[in-house]
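Structural characterization, general
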Amino acid sequence: NGADDNASGTTALLEIAELLTARKAELRRRVLFIAFSGEELGRLGSKHYVREPRVPLGACHAMLNLDMVGRVVDDGVTIFGFGTADEWDEIVDGANASLANPLRVAKAPDGFGPSDHSSFHAAGLPVLHFFSNTHVDYHRPTDDWDKINEDGLNRITELTEGVARRLAAGGANAVAL
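To start, this report covers the structure provided alongside it.

Rules used throughout
The residue count restarts for each chain, going from 1 along the sequence in the order it is written. Reporting in this predicted model follows two pLDDT cut-offs: at least 70 for local features of residues, and 80 or more for side-chain atom pairs to be given and counted; totals over whole chains, interfaces and linings ignore these cut-offs and use all residues. Note: side-chain values were computed over all heavy atoms of the structure, leaving out hydrogens and water. Working definition: helices are DSSP H or I runs of at least four residues, strands are E runs of at least two. Numbering for both runs from the N terminus. Just to be clear, the radius of gyration here is over C-alpha atoms, and the globule rule we use is 2.2 Å times residues to the power 0.38. Only protein chains enter the accessibility calculation, which uses a 1.4 Å probe; a residue is then buried when its area is under 20% of its type maximum, exposed when over 50%, and partly exposed in between. Should any heavy atoms of two residues lie within 4.5 Å, those residues are counted as being in contact. Per-residue accessibility takes into account occlusion by the displayed protein chains alone, with areas from the Shrake-Rupley method and a 1.4 Å probe. The charged-residue count follows a simple rule in which Lys and Arg add positive charge and Asp and Glu add negative charge, with His and chain termini not counted at all. Throughout, a charge is located at the NZ atom of Lys, the CZ atom of Arg, the CG atom of Asp or the CD atom of Glu. Structural elements are reduced to axes, namely lines fitted to C-alpha atoms, with helices fitted over the stretch in contact, and the angle between N-to-C directions of any two is expressed from 0 to 180 degrees. Throughout this description, any angle smaller than 35 degrees is read as roughly parallel, any larger than 145 degrees as roughly antiparallel, any in the 65 to 115 degree range as roughly perpendicular, and the remainder as oblique. Take the far helix as the reference: if the near one is turned anticlockwise from it by less than a right angle, the crossing is left-handed, and if turned clockwise, right-handed. Pairing of aromatic rings covers Phe, Tyr and Trp, the last through its six-membered ring, and needs centres within 6.5 Å; plane angles under 30 degrees mean stacked, over 60 mean edge-to-face, and all others mean tilted. Helix span, expected: 1.5 Å multiplied by one less than the number of residues in the helix. Only strands that DSSP links by at least two bridges are regarded as paired with each other.

1. A closer look at the overall build of the protein
Check the secondary structure of the protein and you find five helices and four strands. Beginning at the N terminus, the succession of helices and strands in the protein can be written as α-α-β-β-α-β-α-β-α. Against the 2.2 N^0.38 benchmark of 16 Å for 177 residues, the protein shows a C-alpha radius of gyration of 15 Å, consistent with a compact globule. C-alpha extents for the protein along the principal axes are approximately 45 × 40 × 30 Å. Looking at the protein as a whole, 45% of its 177 residues are labelled buried. At a minimum sequence separation of 6, the contacts of the protein that also span at least 24 residues come to 84%. Only carbon and sulfur atoms are counted for the fraction: they give 51% of the accessible area of the protein, which is about 9300 Å². Of the charged side chains in the protein, 17 are positive and 26 negative, and the gap between their average positions amounts to 6 Å.

Here it is in structure tokens:
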């Protein structure tokens, strides 16, 4: 239970950490990986982190959130937060174009929503929230592993890794977010 909400996001986070670690020499900026708890009780973990960050928020460039990314339908992913930074179109479109099988990206402008990215957006950071949509198993014991779209989850993971890598590349050839 909880395979999509939110074991899928946690799985993607761990895979992205492994992928970026393998390319560490290419990265000029640090990447911090955090899995929060208490999201459905009012974003307790992310609100706490924003109040007491390990890295000062002024030194952070953006927050990427993966919440419910395991039930991709028709190659689609919704990404919230496009209105929080002008650079998101270029960064996400470039990362998506680099995929062997690009996703259909629905771009939503709002940086606020019912997930942990909202805590960071409220603190002034640009955010992106990757989301494959709700389903009949949302918050039910039927949210099991056998309903995860593995290919879709892998593609969202690759897309998010590409976005994170572009952000972390820094330097003159990177998008300056």
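After that view of the structure, there is still more to cover.
2. Regarding the packing of helix α3 (residues 88–97) against helix α5 (residues 150–169)
Across the interface, α3 lies against α5 with an axial gap of 8 Å and an inter-helix angle of 130 degrees. Taken together, the axes of α3 and α5 lie oblique to each other. The crossing of α3 and α5 is right-handed. Between α3, through Trp88, Ile91, Val92, Gly94, Ala95 and Asn96, and α5, the contact on the second element is made entirely by Leu159, Gly162, Val163, Arg166 and Leu167.

3. Some remarks on the environment of Ala123
When you line up the elements, Ala123 lands in the loop between α4 (117–122) and β4 (127–131). Sequence separation between Ala123 and Asp75 is 48 residues; the distance between their C-alpha atoms is 32 Å. Excluding residues that lie within four positions of it along the chain, Ala123 makes contacts with Val50 and Leu57.

4. Thoughts on the packing of aromatic side chains
Counted under the stated rule, the structure contains four aromatic pairs. Ring-pair connections join several aromatic residues into one group, and the members of that group are Phe36, Tyr49 and Phe120.

5. Here we look at α5
End to end, α5 covers 28 Å across 20 residues, agreeing with the expected 28 Å (1.5 Å per residue, within 8%). Counting buried positions along α5 gives 14 out of 20 residues, so the element sits mostly inside the fold. Just beyond α5, the residue with positive phi is Gly170, at close to 55 degrees.

6. What to know about helix α1 (residues 3–22)
In this model, α1 (20 residues) spans 27 Å end to end at C-alpha, consistent with the 28 Å of a helix rising 1.5 Å per residue. Burial in α1 covers these residues: Ala3, Asp4, Asp5, Ser8, Gly9, Ala12, Leu13, Ile16 and Leu20. Residues of α1 that are buried in the fold lie against β1 (63–66) and α5.

7. Here we look at the side chain of Ser8
Considering the arrangement of structural elements, one finds Ser8 in helix α1. Beyond its immediate stretch of four places on either side in the chain, Ser8 contacts Ala3, Met68, Val69, Gly70 and Leu153.

8. With respect to the sheet that holds β1
Hydrogen bonds between backbone groups are what pair the strands of a sheet, and the pairing can be parallel or antiparallel. A sheet is described by the order of its strands in space; here four strands give the open sequence β1-β4-β2-β3, paired in mixed fashion. Of all the strands in the sheet, just β1 and β3 (104–108) have a single pairing partner and so form its edges. Neighbouring strand axes in the sheet, compared pairwise and without regard to direction, differ in orientation by 20 degrees on average. Inspection of the sheet shows strand β2 (residues 76–80) paired to β4 by three bridges, in the antiparallel sense. Bridge assignment links Ile79 to a residue of β4, and that residue is Phe130. With respect to the sheet, α3 is in contact with β1, β2, β3 and β4, its orientation differing from that of β3 by roughly 165 degrees.

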